[in-house]
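Per-entry structural report
Below are the chains, spelled out letter by letter.
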Amino acid sequence: MKNNIVDLLSEKISFISKEDLAQLIEIPPKPEMGDFAFPCFRLAKELHKAPPMIAKEIADSITVPDYIDHIEVLGAYINFFMKKDSFLKSMVDKISEDDFGSSTEGNGKTICIDYSSPNVAKNFHVGHLRTTVIGNSLYKIYEKLGYKVERINHLGDWGTQFGKLIVAYKNWGSEEAVKEKGIEELMRIYVLFHEEADKDPSLEDEARAWFNKMENGDEEALSIWKWFLDISLEEFKRVYALLGVEFDHYTGESFYRDKTDAVVKDLKDAGLLTDSEGAKIVDLSEYDMAPCLILKNDGSTIYATRDLAAIKYRKETYNFYKALYVTGQEQKLHFKQVFKVVELLGHEWAKDSLIHIPYGLVSLGGEKLSTRGGNVIYAEDILKEAIAKIRETIDVKNPNLANKDDVARIIGVGAVIFNDLYNQRIKDVSFNWSHILNPEGETGPYVQYTYARCSSILRNAADYSFTTDVNYDLISDQSSVDLIKELSRFPKVISSAAESYEPHFIARYAISVAQTFNKFYHDNKVLVDDVETRNARLLLVSLTRKVIRDSMSLLGIGCVEEM
C-alpha cells in the first residue's frame, strides 16, 4: 500500500526519487489522521509555495484509486485513508511471511562485532553483561538484515596486569589455592597486589618486568599466564552458556602479539612514529587529542598497539564493511585515537567503517562496580538470583507448571537482559529486582507473559488452522486495526535499531506490541462461537505471537509457552 502511494505521488512530484518519497511518508499518530501521511515541507523550496498550498494542489490533482477510501489535507500534510479490507489484508499478508522483518541489504557484506571481551583472571561481573548482551543483540539484528557477522571476543588476556598477577601469585598465592578456588583466588591476590603496591611502589616495577618477560617469550611467565587463561575461559563460558551467547572467535589481545611488529613498521614507514621520553607515540595534537602510545619505554606494546594490529588483521582476513566495538563510554578517547591512527595510515575507509559503540555504567545500589576495589557483583550471581526469584514465584502461582526450571531460567535470564536493553545503551543501568521481574511493568516478563497468553489462546482453539483467508471486516474495529499496524512496523524498527546501533528500539517495540495486543484482547473476545469472527481474531493472536517471538529473539531472549 505504501508503494502504491509512492507511485501516486511520484506522478506529481518528479524532482524527488521514489526512494526518497518512501522515506518521507509517515504513519500518523492518530487514526483520525489517516493511515499514511505525506508532509510537503521539503517541496516548498523547489515549488516556491507555502507547504499547505502545495499539499492542497497535489491532493486535488490525484485521481483517487479504488484501494483508497479518501484523501484529506491537514495543514502541510496529505493524509491517505485506505479502504480497510484491502489495506488490512496487504499488511497481514506481509506480516505472515516467514522472513518478515528480514532484508537482503547486507548480502555480500561482513560486519565484525567486538564485544564482551572480559579481562582474564578477573571475574565476569555485571559490567560485562552490558557489552555482552548489546553485542549479541546487534549480531542478531545485522544477521536478520542479511549481513555476515563475525562475533569476536577480544579477551583482555595480555598486558601489564598479568605482570601484576604473577607478582601477586608468587608473593601471596599458592598452586593449591588457585586449583581449589580458581578465579576467586586470582581476584583476591589481584586486589591484594594493589593494596600492597600503594605501600611499596617497587612492586609496580616488578610487574612491568614480568610482563616484559612475557613479551620476550619467557617460558615460566607464559606458563603461569596460560594457566590463568584456561581458568578464566572455563568461568566465562559457563556464564555465556547461561546467557545463550556464542562467539565465532576467541581472539584476545595475546593473539596479536606477533602481529604488532608489522603495525610498528607501517607507522615508521608512514613517518607517524615519534619518540617521547623513550616511548614511541603517534602525535595527534593536530586533532586535539592526546598522543597515541604505541611502544612503552621498555619496548613493550600497549592495548592501542594490539587494537591497531587487530584492525589490520580483521580487514585483511574478513574485508569487513564495518567493524563495531561495543565497550564502555570511558574508552571513547582510546578508540578515537586508534581510529584516527588508522586513517592517518592512508585508510580512508576508517572514517565510515570503524565504529565505537559506547554504553553507560552498571550499578547496584548506586555504586560503580570496580574489580580493583573488590566491590564486585558477579554476573553469574545476578543471573542465578533472577532465576531463583522467578522459580519462587512459579511455585506460588503455578506449582503444577511443567519444566519449571527451564521456564524460570528463560524468564529470569531474559528479565536481566531486557532490563539492560530497554533503555538507550548510553544510559546507566541499575538493578532493581521489583522492577526487573514485574510481569505487569515494561519488562521482559510482561512481554513473555503476553506471548504465553497468545500460546494459551491458540492451544484452547484446538481445531484452529492458520489462514489469512478471513473476513477482514470482522477485524476492522480500532483496536484490531491498531494491532495490525503495530505488527507491520517490525521491519522499520529493525532498520532503525541497525542504523543507530540501538537494540532498545526492539525492546520498546516488543513492549508496544504486547500493550497493543492486550488492548485488542480486552476489547475483543477471541474464542467466540461465530467461526468467521473466531478465525479472524485468532489470526491476529497468531501473528502477535510470531512477532513477539521474533522481537525477543533479536534481543537474545527466549519465550515460554506457559508461565
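For the structure itself, consult the block above.
It should be emphasised that the depicted structure is a prediction, and the values quoted were computed from it without experimental measurement. (Residues numbered from 1 in each chain as written. Predicted model: local features only at pLDDT ≥ 70, side-chain atom pairs only at ≥ 80, totals over all residues. Heavy atoms only, no water.)

Considerations on the overall build of the chain
Condition: Counting from the N terminus, the helices are DSSP H or I runs at least four residues long and the strands are E runs at least two residues long. Throughout, exposure labels follow a simple rule: accessible area from a 1.4 Å probe, protein chains only, divided by the maximum for the residue type, with under 20% read as buried, over 50% as exposed, and the rest as partly exposed. A contact between two residues is defined here by any heavy atoms of the two lying within 4.5 Å. Charge convention: Lys and Arg are scored as positive, Asp and Glu as negative, and His as well as the terminal groups of each chain are ignored. Throughout, a charge is located at the NZ atom of Lys, the CZ atom of Arg, the CG atom of Asp or the CD atom of Glu.
Scanning the chain from terminus to terminus reveals 23 helices and 13 strands. Across its three principal axes, the chain shows a C-alpha extent of roughly 80 × 65 × 35 Å. The proportion of buried residues among the 563 residues of the chain is 54%. Once local pairs closer than 6 in sequence are excluded, the contacts in the chain between residues at least 24 apart make up 73%. Each charge class in the chain can be summarised by its mean position, and for the 68 positive and 88 negative side chains these summaries are 1 Å apart.

So, the sheet that holds strand β7 (residues 279-282)
Stated precisely, the cut-off is as follows: In this analysis, strands are considered paired if DSSP registers two or more bridges between them. Between the N-to-C directions of two axes lies an angle of 0 to 180 degrees, each axis being a line fitted to C-alpha atoms and, for a helix, fitted only over the stretch in contact.
The strand order across the open sheet formed by three strands is β6-β7-β8, and the pairing between neighbours is antiparallel. Across the chains shown, the open sheet's two edge strands, defined by having one partner strand only, are β6 (273-276) and β8 (292-295). Across this sheet, the average inter-strand angle for adjacent strands is 45 degrees, counted without regard to direction. Bridging between β7 and β8 involves three bridges; their strand directions are antiparallel. The partner of K280 across the bridge, within β8, is L295.

A word on the packing of aromatic side chains
Applicable threshold: Only Phe, Tyr and Trp rings take part, Trp by its six-membered ring, and two of them pair if their centres are within 6.5 Å. Stacked means planes under 30 degrees apart, edge-to-face means over 60, and tilted covers everything else.
Across all of its chains, the model carries 28 aromatic pairs by this definition. Judged by centre distance (6.1 Å) and plane angle (20 degrees), the ring pair of Y147 and Y321 falls under stacked. With Y147 in the loop between α6 (126-144) and β5 (148-152) and Y321 in the loop between α13 (303-318) and β9 (322-328), this pair connects stretches of sequence that are 174 residues apart. Residue Y321 is classed as partly exposed on the basis of its relative accessible area, which comes to 35%.

Thoughts on the pairing of strand β3 (residues 77-82)
The side chains of a regular strand alternate between the sheet's two faces. Counting buried residues along β3, five of its six residues qualify, which places the element largely inside the surrounding structure. Two elements, strand β1 (residues 36-39) and β3, share four bridges in a ladder whose sense is antiparallel. Note that in β3 the partner of A37 across the bridge is N79. Bridge count between strand β2 (residues 68-74) and β3: six bridges; the pairing is antiparallel. Paired with V73 across the strands is I78, a residue of β3.

As for the packing of helix α5 (residues 84-96) against helix α23 (residues 531-554)
Here is the rule: Roughly parallel means an angle under 35 degrees; roughly antiparallel means over 145; roughly perpendicular covers 65 to 115; every other angle is labelled oblique. Two helices that cross are described as forming a left-handed crossing if the nearer one is turned anticlockwise from the farther one by less than a right angle, and a right-handed crossing if clockwise. Side-chain classes follow a simple rule in which Ala, Val, Leu, Ile, Met, Phe, Trp, Tyr, Cys and Pro form the nonpolar group, Asp, Glu, Lys and Arg form the charged group, and the remainder, Gly included, forms the polar group.
Interhelical geometry of α5 versus α23 gives an angle of 45 degrees and a closest axis separation of 10 Å. It follows from the interaxial angle that α5 and α23 lie oblique. In the packing of α5 onto α23, the handedness of the crossing is left-handed. Residue-level contacts link V92, I95 and S96 of α5 to L539, L543, K546 and V547 of α23. Class assignment for the residues of the contact of α5 with α23 results in five nonpolar, one polar and one charged.

Some points on the nonpolar core
Worth spelling out the cut-off: Residues enter a nonpolar core if they are buried and are Ala, Val, Leu, Ile, Met, Phe, Trp, Tyr or Cys, with the set joined through side-chain atoms within 4.5 Å.
Judged by nonpolar contacts, the single largest core of 157 residues is most densely connected at L9, F38, I78, F80, I113, Y142 and F418. Per element, the largest residue contribution to this core is 13 residues, and it comes from helix α11 (residues 219-243). Leave out the neighbours within four places in its chain, and F80 touches I5, L9, G34, D35, F36, F38, I62, I68, H70 and I71. Listed in part, the 31 residues of the second largest apolar core include I152, L284, L295 and Y325.

Description of the side chain of E253
By the element assignment, E253 lies in the loop between α11 and α12 (260-269). Dropping the residues within four chain positions of it, E253 is found in contact with H154, L155, G156, D157, W158, Y303 and R306.

Some remarks on the pattern of salt bridges
Rules: The salt bridge definition used is simple: a Lys or Arg side-chain nitrogen within 4 Å of an Asp or Glu carboxyl oxygen.
Scanning the model with the defined rule gives 39 salt bridges in all. K94 serves as the salt-bridge partner of E97, at 3.5 Å between the closest nitrogen and oxygen. Take E97: its relative accessible area is 32%, and that puts it in the partly exposed class. For K94, a relative accessible area of 45% translates into the label partly exposed. Measuring nitrogen to oxygen at the nearest pair gives 3.1 Å for the salt bridge that ties D420 to R130. Placement of D420 in helix α17 (residues 404-421) and of R130 in helix α6 is noted, with a sequence separation of 290 residues between them. For the pair shown, D420 and R130 are each scored as buried. One connected set of salt bridges, linked through shared partners, spans E235, R238, E380 and K384.

Quick notes on α23
Structural remark: α-helix, 3.6 residues per turn; residues separated by three or four positions point the same way. Quick note on the threshold: For a helix, the expected span equals 1.5 Å multiplied by the number of residues minus one.
Under the 1.5 Å per step criterion, the end-to-end length of α23 is 35 Å for 24 residues, consistent within 8% with the ideal 34 Å. Just beyond α23, the residue with positive phi is G556, at close to 85 degrees.

A word on empty space enclosed by the protein
Here is the rule we go by: Within this scheme a cavity is a closed region of a 1 Å grid, computed over the protein atoms alone, that accommodates a 1.4 Å probe without allowing it to escape, whereas a pocket is open but has protein on both sides within 12 Å along at least five of seven lines; lining residues each have an atom within 4 Å of a point. Grid points are joined across faces, edges and corners, and a volume is the space filled by probe spheres set on the points.
The tally for this structure, following the rule as stated, stands at two cavities of 30 Å³ or more. In this structure, the largest cavity occupies an estimated 50 Å³ of space. V126, L129, V133, L243, V362, V416, I417, D420 and F431 together form the lining of the largest cavity. Where the lining of the largest cavity is concerned, the elements lending two or more residues are α6 and α17. Considered as a void within the structure, the second largest cavity measures approximately 30 Å³ in volume. Along its surface, the second largest cavity is lined by V120, A121, K122, Q161, F162, L165 and Y190. Of all the elements, helix α7 (residues 160-172) adds the most residues to the lining of the second largest cavity, at three residues. By residue class, the composition of the lining of the second largest cavity is five nonpolar, one polar and one charged.

What to know about the state of the cysteines
Stated precisely, the cut-off is as follows: Cysteine sulfurs are considered disulfide-paired once they come within 2.5 Å of each other.
What the rule picks out here adds up to zero disulfides. Considering cysteine sulfurs only, C559 is the nearest to C454, which forms no disulfide, with 9.9 Å between them.

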